[in-house]
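Structural features, examined
Residue-level listing of the chains:
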Amino acid sequence: MSSGQRGRGLPRLIATDLDGTLLRDDKTVSERTVAALAAAEVAGIEVFFVTGRPARWMGVVSEHVHGHGLAICANGAAVVDLHRGREIVRFRPLRVEDALRVVRALREAAPGVSFAVERSGGIHYEPDYPPFFLDPGAVIAPVEKLLGEGGGETRATGAAAGFVDQPVLKLLAHHPSLDPDGFLKLGREVAGGYAQFTRSSPSALLEISGSGVSKADTLAQCCEARGVAPEDVVAFGDMPNDLEMLSWAGTSYAMANAHPDVLAATTHRTGSNEEDGVAAVIEALVRGAGR
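So, here's what we can say about the structure. (Residues numbered from 1 in each chain as written. Predicted model: local features only at pLDDT ≥ 70, side-chain atom pairs only at ≥ 80, totals over all residues. Heavy atoms only, no water.)

So, helix H6 (residues 180–191)
Under the 1.5 Å per step criterion, the end-to-end length of H6 is 16 Å for 12 residues, consistent within 8% with the ideal 16 Å. Among the residues making up H6, those that are buried are Pro180, Phe183, Leu184, Gly187 and Ala191. Looking straight down H6, one finds that the buried residues subtend no more than 100 degrees of arc, so they occupy a single side. Turned more than 90 degrees off the buried face of H6, the exposed positions are Lys185 and Glu189. (Helix = DSSP H or I, 4+ residues; strand = E, 2+ residues; numbered from the N terminus. Expected span 1.5 Å × (residues − 1). Buried < 20%, exposed > 50% of the residue type's maximum accessible area, 1.4 Å probe, protein only. Arc of directions from axis to C-beta.)

Describing the pattern of salt bridges
Under the definition given, this model contains 18 salt bridges. For the salt bridge of arginine 226 with glutamate 46, the shortest nitrogen-to-oxygen distance reads 3.5 Å. Of the two residues, arginine 226 is situated in helix H7 (residues 215–226) and glutamate 46 in strand E2 (residues 46–50); the sequence distance between them amounts to 180 residues. What makes arginine 226 partly exposed here is its relative accessible area of 26%. When the shortest N-O distance is used, the salt bridge between aspartate 217 and arginine 92 registers 2.7 Å. Highlighted residues: aspartate 217 in helix H7 and arginine 92 in the loop between strand E5 (87–91) and helix H4 (96–109), separated in sequence by 125 residues. For aspartate 217, a relative accessible area of 29% corresponds to the partly exposed category. Each member of the salt-bridge network shares a partner with another, and the members are Arg95, Glu97, Asp98 and Arg101. (Salt bridge = Lys/Arg side-chain N within 4 Å of Asp/Glu carboxyl O.)

Some thoughts on the packing of aromatic side chains
Taken as a whole, this structure holds 2 aromatic pairs when the rule is applied. Between the aromatic rings of phenylalanine 236 and tyrosine 253, the centroid separation amounts to 5.3 Å while the plane-to-plane angle is 15 degrees, which identifies the pairing as stacked. Linking phenylalanine 236 in strand E13 (residues 233–237) with tyrosine 253 in strand E14 (residues 251–255), this pair joins segments that are 17 residues apart in sequence. Among the residues examined, phenylalanine 236 registers a relative accessible area of 0% and is labelled buried. Here tyrosine 253 falls in the buried class, since its relative accessible area comes to 15%. (Phe/Tyr/Trp six-rings, centres within 6.5 Å; stacked < 30°, edge-to-face > 60°.)

Notes on the pairing of strand E3 (residues 70–73)
Residue alternation in E3 divides its side chains into two sets, Leu70 and Ile72 and Ala71 and Cys73, and both sets are buried. Looking at chain direction, E2 and E3 are connected through 2 bridges and run parallel. Directly across from phenylalanine 49, in E3, lies its bridge partner alanine 71. In the sheet, E3 pairs with strand E4 (residues 78–81) via 4 bridges, with the strands oriented antiparallel. Residue pairing across strands places isoleucine 72 opposite valine 79, the latter belonging to E4. (Pairing = 2+ DSSP bridges.)

A look at empty space enclosed by the protein
This structure, assessed with the given rule, holds 2 cavities of 30 Å³ or more. Around the largest cavity, the lining residues are Asn75, Gln196, Phe197, Thr198, Glu207, Ser209, Val213, Ser214, Lys215, Asn241 and Glu244. Among the secondary structure elements, those contributing two or more residues to the lining of the largest cavity are strand E11 (196–198) and strand E12 (205–209). Sorting elements by how many residues they give to the lining of the largest cavity places E11 first, with 3 residues. Classifying every residue of the lining of the largest cavity by side-chain character gives 2 nonpolar, 6 polar and 3 charged. (1 Å grid on protein atoms, 1.4 Å probe; cavity = no way out; pocket = protein on both sides within 12 Å on 5 of 7 lines; lining within 4 Å. Points joined across faces, edges and corners; volume = space filled by probe spheres on them. Nonpolar A, V, L, I, M, F, W, Y, C, P; charged D, E, K, R; others polar.)

Structure follows, in structure tokens:
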């Protein structure tokens, strides 16, 4: 079957999360998964990587994107062209005034919370925010300064100059002791009117985007532009930030290692990310179409 020619019964598009889904726990793409992604391309199926990751962390899968080369990053806040040096070709930013409202509401409801601001050019964070991934160009300052005209102490002098002009893709809120799901529920209760709340980390870390921005919404827009209907999409995920996408897609798979809410919301299951569960489904789809 030549590239671009789909067999009967094949989906038009596969949408897959990365961490905990397509990637192994060591953040690599297995040889089996690489082969499955290539087989999907040959079968005429487009593959979208749909992730909470920022564009700068997409190097692990950049070479495995075929065809269009687009990925959806930052939980739908950015569409990225991986064929063009991970260039962000579309932003769906969080308004600064809404981010500040969220900050005030969470500080009152959850004392001890700390914040980071993910902009198009990198991440910047408060002094108490855990630096899960050290960024040498990060500005360290109170979140109000990170969202306004503030500077702060930089890890690399001048590396973040002009960052306040960059769109805010996500506000991140971390709490050192709250239950992760409980923190998500609290965030939605006190500030859900200002922004979109979700989570993908095992810790109490909220990912906060502009109102209406989600993996599902941006994926739906990209699919509409291609004439792809929801029923022609197969989606894979494992965490709450995948729920809307899994509900939108015509066919959805929860990984064996998925969050209980994801397992409850999907009708299909596959193996864990360590068992190459996404690859197993792609292999079965392609094999079935070839019969």
